[in-house]
Amino acid sequence: MSASSGSEAAAIAVEGVSKRFRLELDRPGSLKEAILRFGRRDVRDFWVLQDVSLRVRSGSFFGLIGHNGSGKSTLLRLIAGIHRATRGEIRTAGRLSALLELGSGFHPDLTGRENVFLNGAMLGLGRRQMAAAMDEIIEFSGIGEQIDAPVKIYSSGMYVRLGFAVAVNVDPQILLVDEVIAVGDEEFQQKCLRHMDQIRAAGKTVLVVSHDSALIRSLCDEAAWLDHGRLRCVGDPDTVVDRYLDHVASGASDPTLTARD
Amino acid sequence: MIRTSLMLVRNFAERETKARYKRSALGWLWSLIKPLVTVAVYSLVFGVIYRAAPPVTANGRAETFALYLFTGLVVWNLFTEVVTGSMQWLQGVSDLRKKIYFPTETVILGGAVSTFLQSVLEAMVLVAIMIGFGNISATVVFLPVALVLVAVFGLGIGFVVSIFNARYRDTEHLVGIVLSVTFFLIPIVFTPDLVPEEAYGLPVRRMMELNPLNAIVAVSRDAVYFLEVPSLSRLATAAGWAAGSFGLGLLYFRRRSMQISEEP
């Protein structure tokens, strides 16, 4: 029942992961400054995640909740391979597709179509495979002829729609979704949620980060609550969301604080 | 893994090529026009104004200083374009890399492939002119060898400076200066015999000869200007430098490239 039971195959295994961001306060912007200030760097460490372990069962929907700056997005980025964990280990099984933020993974100068091919290549999919998926992607995103316009002229809604269309049409085994669905209009959100049912039926694994506790409750099989970079609890979504909301209501959380020295 | 990288290299190469000829009516023809005009201008300056003496060749058919110069320039241009391009290519994907993981060296490799193809066009112009002068032989096969060697050598340097540049944008300016100085440290606009053995107590001729680029430029001259088979030691020196530079550069790049997503 618990996420860490490990009896079933884990699609994502996060073990003892910590992430430190090293922020150089008024960091030298030039080589000259760097040389002049050699040895006197004002470096501050921020532990965005501390000793986080969780397992996402293969074929399950897993929700991550927490206040702003709790480390949810960083954890997703670590799983997506964008950053490397300072400590600990992350293992994923199968092709992973991530929808991390607005226009994630789009190159602004390329057209929508070129970006679809580029994204495909990043996920190890060849031209032929992407060409086969292209109609479906254009159809799903509702981008139409704009697919051949550079993505930098897209509206934020178009960005998200195309991003989502690509992410779900590259046949991922694991899908990471960070808040993005909320950016699209009502109609597109409905479409996404309907599509989520298909993804579930196809036995894919989905990791969702959201502030929308109702979404976590309705969509997820399991949830985890991150608080200041630490895992507070993992388990049944209703229980986790209730505990999180109780905590928020008690005023104990400080949404602005993320730094730890 | 390798398949993914190859697909990305191809994607980035196509993008770079497309960007180069974007919104231009003549497109890739510019890649022919530019070197042709360059040779014409050099012919004027060095043939008519300076009357610089070109090195003597066996058949004497293409003893034109402009062609001697152009032969070296084809190789040099590829080198500088790969080195300076590396910094721009990496910078161009730094935002992208913050949002999605991909083997980041592929953008530099892709850019280099595109630049290489461009310089192949330039080399074809050179070969066509040499054919026009009747100065051609089977040694021409060493011209692409020189181009590959210089691109690979430049990539190693490009890998390193692009990482520096991601942190300190000064790198770009510094590299620009170093490149323009280096241009005059190897015999491109002058012939090697003009360089004295010693100057200010320094063995300048020897120093020039030790420059890896000197060996690679010499290979291209052997190939299409002197029509000689480059000596094995010259080829080995050039190949050794190219392989060493590329290997170490890539190693360094791989160790540092995860930090690109964390640069502010």
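For the structure, check the block above.
What comes next is a walk through the structure. All figures in this text were calculated on a predicted structure; none of them were measured in a lab.

**Considering helix H2 (residues 30-49) of chain B**
The periodicity of an α-helix, 3.6 residues per turn, causes residues three or four places apart in sequence to face the same way.
Residue and element names in this part refer to chain B.
Now for step 1: Helix length check: H2 (20 residues) gives 27 Å between terminal C-alpha atoms against 28 Å at 1.5 Å per residue, within 8%.
Now for step 2: Buried residues of H2: Ser 31, Pro 35, Val 39 and Phe 46, and no others.
Now for step 3: Buried-residue contacts for H2 involve helix H3 (65-92) and helix H5 (105-132).
Now for step 4: Among the residues trailing H2, Arg 51 stands out with phi positive, at a value near 50 degrees.

**A short note on a nonpolar patch on the surface**
Residues and elements named next belong to chain B.
Now for step 1: On the surface, Leu 26, Trp 28, Leu 29 and Trp 30 cluster together into a nonpolar patch covering about 410 Å² of accessible area.
Now for step 2: Relative to the helices and strands, Leu 29 resides in the loop between helix H1 (2-20) and H2.
Now for step 3: The class for Leu 29 is partly exposed, based on a relative accessible area of 35%.

**What to know about the nonpolar core**
Now for step 1: By size, the foremost hydrophobic cluster in this structure holds 77 residues, and its most contacted members are Met 122 of chain A together with Phe 12, Trp 76, Phe 79, Phe 102, Ile 108 and Ile 216 of chain B.
Now for step 2: Looking at this core element by element, the count peaks at 17 residues for H3 of chain B.
Now for step 3: In contact with Met 122 of chain A, other than residues within four places in its own chain, are Thr 4, Leu 8, Phe 12, Leu 96, Ile 100 and Phe 102 of chain B.
Now for step 4: Counting 46 residues, the second-largest nonpolar core is a separate cluster that includes Ala 167, Phe 188, Cys 192 and Leu 215 of chain A.

**A few points about the packing of aromatic side chains**
Residue and element names in this part refer to chain B.
Now for step 1: In the structure shown here, the tally under the stated rule is 20 aromatic pairs over all chains.
Now for step 2: Centroid distance Phe 65 to Tyr 68: 5.6 Å. Interplanar angle 45 degrees. Geometry classified as tilted. With Phe 65 and Tyr 68 both in helix H3 and three residues apart, this pair spans about one turn of that helix.
Now for step 3: For Phe 65, a relative accessible area of 5% translates into the label buried.
Now for step 4: Judged by its relative accessible area of 1%, Tyr 68 falls in the buried class.
Now for step 5: An angle of 20 degrees between the planes, with centres 5.8 Å apart, marks the rings of Phe 79 and Phe 153 as stacked.

**Things to note about the interface of chain A and chain B**
Now for step 1: Counting residues at the interface gives 37 residues for chain A and 28 residues for chain B.
Now for step 2: Of the roughly 2700 Å² buried at the junction of chain A and chain B (both faces included), carbon and sulfur atoms supply 55%.
Now for step 3: Viewed at the interface, chain B and chain A are joined by three salt bridges.
Now for step 4: The biggest single contributor to the side of chain A that touches chain B is helix H3 (residues 112-122) of chain A, with six residues.
Now for step 5: Taken together, the residues of the side of chain A that touches chain B sort by class into 15 nonpolar, twelve polar and ten charged.

**Here's the deal with the side chain of Asn 135 of chain B**
Residues and elements named next belong to chain B.
Now for step 1: Within the secondary structure layout, Asn 135 lies in the loop between H5 and helix H6 (142-167).
Now for step 2: Given a relative accessible area of 1%, Asn 135 falls into the buried group.
Now for step 3: A distance of 3.0 Å separates the side chain of Asn 135 from the side chain of Asn 59, its partner in a polar contact.
Now for step 4: For Asn 135, the side chain forms a polar contact with the main-chain oxygen of Val 224, separated by 3.2 Å.
Now for step 5: What Asn 135 contacts, discounting residues up to four positions off in sequence, is Asn 59, Arg 61, Ala 62, Met 130, Val 224, Tyr 225 and Leu 227.

**As for unusual backbone geometry**
Residues and elements named next belong to chain B.
Now for step 1: For Tyr 200, which is not glycine, the phi torsion reads 50 degrees and is therefore positive.
Now for step 2: Following the sequence through the fold, Tyr 200 ends up in the loop between helix H7 (170-183) and helix H8 (204-210).
Now for step 3: A relative accessible area of 84% means that Tyr 200 is categorised as exposed.
Now for step 4: The residue Leu 227 is not glycine, and still its phi comes out positive at about 55 degrees.
Now for step 5: Take Leu 227: it is sitting in the loop between helix H9 (212-226) and helix H10 (232-256).
Now for step 6: Taking the relative accessible area as the measure of exposure, Leu 227 reaches 19% and is therefore buried.

Here is what the cut-offs are and how they apply
- Residues numbered from 1 in each chain as written.
- Chains lettered and ligands numbered in written order.
- Predicted model: local features only at pLDDT ≥ 70, side-chain atom pairs only at ≥ 80, totals over all residues.
- Heavy atoms only, no water.
- Helix = DSSP H or I, 4+ residues; strand = E, 2+ residues; numbered from the N terminus.
- Expected span 1.5 Å × (residues − 1).
- Buried < 20%, exposed > 50% of the residue type's maximum accessible area, 1.4 Å probe, protein only.
- Contact = heavy atoms within 4.5 Å.
- Patch = residues over 30% accessible without salt bridge, like charges linked within 9 Å, V, L, I, M, F, W, Y side chains within 5 Å.
- Areas by Shrake-Rupley, 256 points an atom, 1.4 Å probe, with all protein chains shown as cover.
- Salt bridge = Lys/Arg side-chain N within 4 Å of Asp/Glu carboxyl O.
- Core = buried A, V, L, I, M, F, W, Y, C linked by side-chain atoms within 4.5 Å.
- Phe/Tyr/Trp six-rings, centres within 6.5 Å; stacked < 30°, edge-to-face > 60°.
- Buried area = accessible area lost by both parts, 1.4 Å probe.
- Nonpolar A, V, L, I, M, F, W, Y, C, P; charged D, E, K, R; others polar.
- Polar contact = N/O pair within 3.5 Å; in protein donor to acceptor, adjacent residues only side chain to side chain.

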